[in-house]
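# Coordinates in review
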Amino acid sequence: MLELDQVSVALDGRPVLHGVSLRVAAGERVVIAGPSGSGKSTLLRAVAGLVPLAAGRLRLDGRELGSLPPGQRDVAMMFQSYALFPHLSVLDNLCFGLTARGMAREDAQERARAAAGTLDLTPLLQRRPRELSGGERQRVALTRALLREPKALLLDEPLSSLDTQLRVRARAEIVKAHAASRAAMLLVTHDQSEAMSLADRLGVLHEGRLLQLAPPRTVYAEPANLFVARFLGHPAMNTLEVQVGLDGALWWGSTRLAARLATAVAEPGRRLVLGLRPEQLALPGSRWDSGDPQAAEITAVVESVEPAGEQQIVWLNAAGQRLAARAEPELRLVVGVSLPLRLALSRACWFDPDTGEALRPAAGAGEAMA
Amino acid sequence: MRRLRALLRDWHWSLPGFALLGLLVGLPALMALPLAFSHFDGLHAPRFAGLTNLARVGADPLFWTALGNSLKVALWSVPLRLLLALGLALLLHRPRRGAGLLRAAALAPSVTPDIAWALLWLWILNPLYGPVAWLLSGFGIAPDIWLTDPAAARRVLALISLWLIGELVVVLIAARKEIPQELYDLCAVEGASAWTVFRRLTLPMLMPVLLLLACRDAALSFQTSFLPALIITKGGPQYGTLLLPVYVYQNGFEYLRFGYAAALALAMFAVTLLMIAVQLFWLRRWTRRGA
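Below you will find a few notes about this structure.

## Observations regarding the sheet that holds strand 15 (residues 281-282) of chain A
The pairing of strands in a sheet happens through backbone hydrogen bonds and is either parallel or antiparallel. Residue and element names in this part refer to chain A. Read across the open sheet, the five strands follow the order 15-19-16-17-18; overall the sheet is antiparallel. In the strand order of this sheet, the two ends are held by strand 15 and strand 18 (321-327), each with one partner. Of the strand pairs in this sheet, strand 16 (residues 295-307) and strand 19 (residues 338-344) are connected by seven bridges, and their pairing is antiparallel. Residue pairing in the sheet places A296 in a bridge with L343 of strand 19.

## So, the nonpolar core
Membership of the largest hydrophobic core comes to 90 residues, with the highest contact counts inside it found for L22, I32 and L186 of chain A. For this core, the element with the most residues is helix 4 (residues 61-92) of chain B, which contributes eleven residues. One finds A76, M78, C95 and V228 of chain A within the second-largest nonpolar core, a separate group that totals 46 residues.

## Here we look at the pairing of strand 14 (residues 271-276) of chain A
Residues in a regular strand project their side chains so that they alternate between the two faces of the sheet. All names here are of chain A. Of all six residues that make up strand 14, five are buried, and the element is covered over most of its length. In terms of strand pairing, strand 11 (residues 238-244) meets strand 14 through six bridges, oriented antiparallel. From the neighbouring strand, V242 faces strand 14, where its bridge partner is L272. Where strand 14 lies against strand 20 (residues 349-351), three bridges are found, and the strand directions are antiparallel. The residue of strand 20 that forms the bridge with V273 is F351.

## Observations regarding the pairing of strand 6 (residues 75-78) of chain A
All names here are of chain A. Along strand 6, one buried face is formed by V75 and M77 and the opposite face, lined by A76 and M78, is buried too. Bridging between strand 6 and strand 7 (residues 152-156) involves four bridges; their strand directions are parallel. Across the sheet, the residue bridging to V75 is A152, located in strand 7.

## A word on the interface of chain A and chain B
In this assembly, 28 residues from chain A lie in contact with 18 residues from chain B. Together, the buried faces of chain A and chain B total about 1900 Å²; carbon and sulfur atoms form 60% of this surface. Taken together, the connections running from chain A to chain B amount to two salt bridges. In this structure, the salt-bridge partner of R148 of chain A is E190 of chain B, at a minimum N-O distance of 2.7 Å. The interface formed by chain A and chain B includes eight residue pairs in polar contact (both at pLDDT 80 or more). Going through the elements one at a time, helix 1 (40-48), strand 6 and helix 2 (90-100) of chain A are the ones with two or more residues in the side of chain A that touches chain B. The element that contributes the greatest number of residues to the side of chain A that touches chain B is helix 2 of chain A, accounting for five residues. Class assignment of the residues belonging to the side of chain A that touches chain B gives a composition of 15 nonpolar, six polar and seven charged.

## Side note on helix 10 (residues 181-189) of chain B
Among the nine residues of helix 10 of chain B, seven are classified as buried, and the element is accordingly described as predominantly covered. When helix 10 of chain B is considered as a whole, its buried residues turn out to be E182, L183, Y184, D185, L186, C187 and V189 of chain B. Elements that come into contact with the buried residues of helix 10 of chain B comprise helix 1, strand 6, helix 2 and helix 4 (134-147) of chain A together with helix 9 (166-178) and helix 11 (194-224) of chain B. Just beyond helix 10 of chain B, the residue with positive phi is G191 of chain B, at close to 75°.

## Considering the sheet that holds strand 10 (residues 209-214) of chain A
Residue and element names in this part refer to chain A. Pairing in this open sheet of six strands is mixed, and the strands run 6-7-8-3-9-10 from one edge to the other. Looking at which strands have only one partner, the edges of the open sheet turn out to be strand 6 and strand 10. Neighbour-to-neighbour, the strand axes of this sheet turn through a mean angle of 20°, independent of strand direction. Its contacts with the sheet put helix 5 (residues 164-179) on strand 3 (29-33), strand 7 and strand 8 (184-189), and the angle it makes with strand 8 is roughly 160°.

About the thresholds
- Residues numbered from 1 in each chain as written.
- Chains lettered and ligands numbered in written order.
- Predicted model: local features only at pLDDT ≥ 70, side-chain atom pairs only at ≥ 80, totals over all residues.
- Heavy atoms only, no water.
- Pairing = 2+ DSSP bridges.
- Helix = DSSP H or I, 4+ residues; strand = E, 2+ residues; numbered from the N terminus.
- Core = buried A, V, L, I, M, F, W, Y, C linked by side-chain atoms within 4.5 Å.
- Buried < 20%, exposed > 50% of the residue type's maximum accessible area, 1.4 Å probe, protein only.
- Contact = heavy atoms within 4.5 Å.
- Buried area = accessible area lost by both parts, 1.4 Å probe.
- Salt bridge = Lys/Arg side-chain N within 4 Å of Asp/Glu carboxyl O.
- Polar contact = N/O pair within 3.5 Å; in protein donor to acceptor, adjacent residues only side chain to side chain.
- Nonpolar A, V, L, I, M, F, W, Y, C, P; charged D, E, K, R; others polar.
- Axes fitted to C-alpha atoms, helices over the stretch in contact; angles between N-to-C directions.

Set out below in C-alpha cells:
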C-alpha cells in the first residue's frame, strides 16, 4: 500500500502541493485528475523521489520513503514522453532497469521476452524506438515499468500523445497490464474521460490541493465543491444562483422553482448554488426525461444544437443564463423556439455560494479532508 | 531551374557565409595551385616548373619527418582534447552558481589572439624562470627536458593544444542539453549508478557528436598546432616539432621558395582530405551500426 500523509512540495521556493493525503492499496488504480499546473506531475515526481518533500510523509508497504533515493524506493514510473532510450532496441529498453540493478543480461532478456507477449511486443523486440508508432512506444514503456515488479506504478499522462482511437485501446492495455501485477497504481491525467474510465478511485487536484477522492461515479454525482463539479463532465454542470424564500419556497430570480424543498439545506432566506448536470434538464417530448418527482419548470429558448452522435447537446438561454441539456439524437429541436424545461431537483447538487463547498455531505470526501 | 530554386530556398541563409569563405579561403587556395607548378622567390618573375616541386616533396626526408611529427602530435592532442572537453562539458552543462563564469573561462583562450597565448606559454615553460620549472623544482625534478627532447617537446605541444578546447566544450554542452531530462529521471527511478548512466545513456547519446568533433579536430590539428610549434619550439629540437605547416611556412617565408611551399601545402591538403575520408568512413559505419 502506498500512503501519502500531508505531503507538501515546493519548487524553487514556490509551494506546489499543499498537504496531499491519500492511500493506494496494492492492486488498486487511483487516478488524479486536474487541469494543467495543478501539481499532478509534481505529485508523481515527489513519490518517485525526483523532487524533495517540503513536509509530510510517504510510505510504501509500511516502509518510510522520504529519505530514500529514487532507485531504492521500489517504484516504477512511466513518463509522459515514455523516456525510451533512442539508441537501444526495444529488448534492451525493457531490460534497462534490471541490468542497471546488476541482473545478468541473459536473465533480464529472458524475463523481458516473457513479459513482451502480454502487450504483443514480441515482434518488435529488435526495433528501435523511432521505428515504433506512438501506441507501440506506450506499450514498451508500460511493459518496462512493470517488468521489475515494482510495489508502486506511477503513470504521468500515459495517453496524452496518442490519438483518440488509440487511447481507448491503450486504456484497456493499461488495465490489462496492471491487473497482472499487484502494484499500487497512481496515474495522473488532465483528461477526464481517461480519469473516469481508468480509476478505481478518482481524485481531483486543483492548485496543489486534493479536493475530493472517491469512486468516479461518486465524484461525478456528488462533487465535493463547485470546482470538482465543473471540472468533470462535458458539457460542464449547469449552476444557478437561487435563494430559499422566507416561506420555504425556492426562488431563482423572480421565478419560483419549488414550493418546498425536500433537502435539509433549505433554511429560509439562504442563498444557494443549484448544480444540475445536462442530463438533469429534461426537454419536452424527450424520451430521456426520467420524470423527477421534484421537477421544477422554467422557460428557456433554444440557442444552438450540437449533434454528438449518440446524443445531442442542446444549448438554451433562460433569463440570460446559458444552460446545457442532453437529449436523444432523434428529438427534433428548432433554434429560437421557447420551450418549458424541467429541472430534476431531487438529483441536483447544492453548493454554498461563498465557499463553493457542497452542502449535502458528499460521501467519500472524508478521506481528502482527513 | 526548379532544382536551383529549391537549392536557393534551402541554402540562401548560408550564401553570405559561402561568399566570405570563397573570397578568403577558396580564392587564395586556388591561386596557390598554379604556384605549386612554378619556381617563384618573390623577387623574379615565376617560371614554369612542371611537376618538379611535387616530385621533390616526395623525395624530401624533411617532408616525411614533418608529416610524422604532425600525426604524432595529433595522436596525442585529439583524444586528450576531446576527453578534457567532455569532462568540462559534463561539469558545466548544469545551470549552477559560477557555471557561466567557468564556461566563459573555458572559451576565453579560444578568443585570445594566438600570438598572445603562445608567448604566455613560452614564459610558463621557461626552464629558468617559468612557473612550471619552479613548481617541478619543488618536487626535485630537473626542469630542462621538456623542450630539449624531441618526443617530450611534441607532448608539450599536445598539452598546449588543450588550451583551445572552448569550442569543443560549447558544442558538447549543447549536445548534452539535447538529451531529454526524462531519460535521466528514468535512470534515477531505475536505480542506475552514475557510471551506468554515463556509460549507457550519456556517452552513447553524445557519441555521434564526439566522433564528428574528433574528425574535425584531427583535420584542424595540422593548423592549430602551427603557431605554438613556430613560437615556442621553432620546429626543434632536432626537427622534433617540425610540423607540416611549420615546414611550409619556413620554405615560403624564410627560404623564399614559394613554389615548393605551395607544393608542400598541396600535399598537406591531400593528407588532410585522406584523414577526413577515413574518419567519415568510420563515422558512417559506426552510426549505421548504432542506428
